[in-house]
Amino acid sequence: LGYEQDDLRSRFGIQFVVTGANVEYRRAVRFNAELVVSATIARAGRASLSFAQQISLSGDRDNVVCEAEIRVACVDVNEFKPRPLPREIVAELTK
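Please read all numbers here as calculations on a predicted model, not as lab measurements. (Residues numbered from 1 in each chain as written. Predicted model: local features only at pLDDT ≥ 70, side-chain atom pairs only at ≥ 80, totals over all residues. Heavy atoms only, no water.)

Undergrad: Got a sec to walk through the side chain of Gln15? Specific residues and values, please.
TA: One can find Gln15 in strand β1 (residues 14-25). For Gln15, the side chain forms a polar contact with the side chain of Arg9, separated by 2.4 Å. Ignoring sequence-local partners within four residues, the contact set of Gln15 consists of Gln5, Arg9, Ala73, Cys74, Val75, Val77 and Phe80. (Helix = DSSP H or I, 4+ residues; strand = E, 2+ residues; numbered from the N terminus. Polar contact = N/O pair within 3.5 Å; in protein donor to acceptor, adjacent residues only side chain to side chain. Contact = heavy atoms within 4.5 Å.)

Undergrad: Requested: an account of the pairing of strand β4 (residues 60-76), with residues and values cited.
TA: Examined bridge by bridge, β1 and β4 share 11 bridges and lie antiparallel to one another. Bridge pairing in β4 places Gly20 opposite Arg71. Joining the antiparallel neighbours strand β3 (residues 48-57) and β4 is a turn of 2 residues, in which Gly59 adopts a positive phi near 85°. (Pairing = 2+ DSSP bridges.)

Undergrad: How would you summarise the nonpolar core if you had to cite specific residues and measurements?
TA: In this structure, Tyr3, Leu8, Phe12, Ile14, Phe16, Leu49, Ala68, Ile70, Val72, Cys74, Leu85 and Ile89 together form the largest nonpolar core, which totals 12 residues. Counting residues per element, the ones that place at least two in this core are α1 (5-12), β1 and β4. Ignoring anything within four residues of it in the chain, the contact list for Phe16 reads Gln5, Leu8, Leu49, Val72, Ala73, Cys74 and Leu85. (Core = buried A, V, L, I, M, F, W, Y, C linked by side-chain atoms within 4.5 Å. Buried < 20%, exposed > 50% of the residue type's maximum accessible area, 1.4 Å probe, protein only.)

Undergrad: Talk me through the side chain of Ser50; I want residue IDs and the actual numbers.
TA: Among the secondary structure elements, Ser50 is positioned in strand β3. Looking at Ser50, the relative accessible area reads 7%, which means it is buried. Discounting chain neighbours no more than four positions away, the residues touching Ser50 are Thr40, Ile41, Ala42, Arg43, Glu69, Ile70 and Arg71.

Undergrad: Report on the sheet that holds β3, specifying residues and quantitative values.
TA: Taken in spatial order, the 4 strands line up as β1-β4-β3-β2 in an open sheet, and their pairing is antiparallel. On the outer flanks of this sheet lie β1 and β2 (35-44), each paired with one strand and no other. Sheet twist, expressed as the average angle between the axes of neighbouring strands with direction ignored, equals 25°. Here β3 pairs with β4 via 10 bridges, running antiparallel. From the neighbouring strand, Ser56 faces β4, where its bridge partner is Val64. (Axes fitted to C-alpha atoms, helices over the stretch in contact; angles between N-to-C directions.)

What follows is the structure in structure tokens.
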């Protein structure tokens, strides 16, 4: 989405916290191997997002070495209670 955490805090009074992660390692990778990481939004809720992530070897994007789903919640920076995603962010997600 292109939002920095500091910007979310100052502009909207929110931050994202990780609430869950499911990671599947498919194969080992050598140290210093060049990797490509992709992330897409799998689901968007009123106050949460789930990201689907894939890691593959550079030059061989079909060779996925790791897949993950990361769930984050939108919370108020002061109270750490769930808060709805700002309209601007929702608009960006629905483009």
